[in-house]
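Listed below, chain by chain, are the residues.
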Amino acid sequence: MRDCAVPCALLCLLPLVLPYPLIKGRHNDTGTNLHSAPDPAYSLPGTADRCSDEGFGAITLDDKGVMHYFRGDSAWMGFQGPTQQLSETFPGMTGPVDAAFRNHNENRTLEHQRTYLFKGSLVWSYFEGQLVMGYPRLISQEFPGVPDNLDAAVECHQGECRTDSILFFKGGHVYIYSAQEAPPIKQRQWAALGNCTAAVRWLGRYYCFKGINFTRFDPVSGQVLSPRPLDTRDYFVRCPGRGHGHAARQNATLMSIKDRCSNRSFEAFSSDDKSWTYAYRGGWFFRLDTSKDGWHAWPLSHTWKNLHGTVDAVFNHENRMYFIQGSQVIVYISDQIYIPVLGYPKPIQEEWEVSGVTAVDAAFTCPHSSHLYLLRGDKLILVDLNTRKRSGEDRTIIHADVDSAMCNTHGLYLFHGQSFYHYKNVEELLSSKEAPGPGNIASYFLDC
């Protein structure tokens, strides 16, 4: 083991307290980042070394969710891919790459999920590994107002930025480009962040690279969110003798919780009006709708401040996220980040007038509805969230024991053990005399 610049015990705790990615090459990897035996392919004779002190000139995900790293005429795919010639991965392109990003703009289908590479005054566009017809083009043509010879670029999704945007970095200035606004370009100077030599978005987090080191930042204000810069070789790429997470490998229970394909049951699932979906297990969660960015388990406190331990139920209503733990309800306001609401936790019976209900097996709301459904055994309890009171008589359902429930635009799902049961809506559940055929949670929801 290498000598640690910080105490090794502290280094091993980093995945639990710092929001940094554990990236793997394939989009359905578990996300574990355990650096055991040296990787013989990391630096073949006569090829560039991905683990050198130089860092990378550009970094981006592609439309398949695979991370790409660029330096000179070399490129690396994924967490531990070997050195490749840039032109092997992106036909017609030669290095060095100044900047790169994967576009996200569902309102402009011809650009959505394309990968853009920048060099000098030109931009190349790729989709499914092929150069799009008509490229390369002038940057000034494709992105009016954006300068040539960029330093870095990264896409910013609507909800994380005001609109789907691209942040371009050059010489200490940031150019925020949005085709949905007039004028489409705004210029900023984020002194605290400074200039980035590469930038990337991963799982809703934004990272600025300066040589071999990186920091996390807010894409709206430019605020630096990292306590200190960290080394790319410990988090983003596999390098002999480097990395973190060794302690977690020796904890079989934790590894089973963090392995989405371990077939351990989940305590809760949730989906909101924006179709952001989550699965919760053992104090950790998976974000299901970002699977193209890779699979990774995060501790609850990573996204919801001061939230720890297992949850019994989670649901969303009017820009608020509700967590039920035992007899208590905890609420967060959903904005660009989740903000805890003052005065919580509160007992279930104080939050809603549901006498006799001190714990639940599951809870769910359906999109754009003010009806909250609480599940306790085979009883379905309806609460009107506008009045915060019980509504009507409790109903009996054919499922006597569920771990969780979730309702989204695709219907209603009840979860038990390794299986789920799908209904078109609540009415179909209430009228059913027998359960539909079960589906497998791991394969259907988690791409196992």
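Residues numbered from 1 in each chain as written. Predicted model: local features only at pLDDT ≥ 70, side-chain atom pairs only at ≥ 80, totals over all residues. Heavy atoms only, no water.

Attention now goes to the overall build of the protein chain. A tally of helices and strands in the protein chain yields eight helices and 35 strands. When burial is assessed residue by residue, the protein chain has 52% of its 448 residues classed as buried. (Helix = DSSP H or I, 4+ residues; strand = E, 2+ residues; numbered from the N terminus. Buried < 20%, exposed > 50% of the residue type's maximum accessible area, 1.4 Å probe, protein only.)

Right, let's talk about the environment of Gly 377 for a bit. Tracing the backbone shows Gly 377 in the loop between β28 (371–376) and β29 (379–384). Note: C-alpha distance between Gly 377 and Val 360 (17 residues apart in sequence) is 8.2 Å. Not counting residues up to four positions away in its chain, the partners in contact with Gly 377 are Asp 361, His 399 and Ala 400. (Contact = heavy atoms within 4.5 Å.)

All right, on to a nonpolar patch on the surface then. Taken together, the side chains of Ile 333, Ile 337 and Ile 339 make up a nonpolar region of the molecular surface, amounting to roughly 250 Å² of accessible area. Mapped onto the secondary structure, Ile 333 falls in strand β24 (residues 328–334). (Patch = residues over 30% accessible without salt bridge, like charges linked within 9 Å, V, L, I, M, F, W, Y side chains within 5 Å. Areas by Shrake-Rupley, 256 points an atom, 1.4 Å probe, with all protein chains shown as cover. Salt bridge = Lys/Arg side-chain N within 4 Å of Asp/Glu carboxyl O.)

Next up on the list: the state of the cysteines. Taken as a whole and judged by the stated rule, the model has five disulfides. The partner cysteine of Cys 51 in its disulfide is Cys 239, sulfur to sulfur 2.0 Å. Judged by the sign of its S-S torsion, about -100°, the bond between Cys 51 and Cys 239 is left-handed. Here the residue Cys 51 occupies a position in the loop between α1 (8–17) and β1 (58–61), and Cys 239 occupies one in the loop between β17 (230–231) and α4 (246–249), the gap between them amounting to 188 residues. Pair check on accessibility: Cys 51 and Cys 239 agree, each one buried. The residue that forms a disulfide with Cys 196 is Cys 208, at a sulfur-sulfur distance of 2.1 Å. What sets the handedness of the Cys 196 and Cys 208 disulfide is the S-S torsion sign, and at about -115° it is left-handed. (Disulfide = S-S within 2.5 Å.)

Let's shift gears to the environment of Asp 293. Position of Asp 293 relative to the elements: it lies in the loop between β20 (284–287) and β21 (298–299). Here Asp 293 falls in the buried class, since its relative accessible area comes to 4%. Setting aside chain neighbours within four positions, we find Asp 293 in contact with Leu 61, Gly 65, Arg 102, Arg 201, Trp 202 and Leu 203.

Take the pattern of salt bridges next. The final tally for this structure, using the stated rule, is 10 salt bridges. The salt bridge partner of Asp 289 is Arg 287, with a shortest N-O separation of 2.7 Å. What you see here is one network of salt bridges that share partners, running through Asp 53, Asp 231 and Arg 233.

Either a parallel or an antiparallel arrangement is found when strands of a sheet pair, and the pairing is made through backbone hydrogen bonds. Judged by pairing direction, the sheet is antiparallel, and its four strands sit side by side in the order β18-β19-β20-β21 without closing on themselves. The two strands at the open ends of the sheet, each matched to only one other strand, are β18 (268–271) and β21. In this sheet, β21 lies alongside β20 in antiparallel orientation, the contact comprising two bridges. The partner of Phe 285 across the bridge, within β21, is Trp 298. (Pairing = 2+ DSSP bridges.)

A residue-level look at the protein chain finds 86% of positions with pLDDT of 70 or above and a mean pLDDT of 84. Counting contacts from residues 1–41, a segment whose pLDDT is below 50, to residues more than four positions away or on other chains yields 105 contacts. Taken together, the stretch residues 245–250 has pLDDT below 50 and engages in 11 contacts with residues farther than four places along the chain or on a different chain. (pLDDT = per-residue confidence, 0-100.)

The next point concerns the sheet that holds strand β16 (residues 213–217). The sheet built from four strands is open, its strands ordered β14-β15-β16-β17 with antiparallel pairing. Two strands in the sheet have a free side with no partner beyond their single neighbour: β14 (198–202) and β17. The pairing of β16 with β17 spans two bridges and is antiparallel. Paired with Asn 213 across the two strands is Asp 231, which belongs to β17.

Along the chain, the position of Pro 240 falls in the loop between β17 and α4. With a relative accessible area of 35%, Pro 240 lands in the partly exposed category. As a C-alpha pair, Pro 240 and Cys 51 span 189 residues in sequence and 8.5 Å in three-dimensional space.

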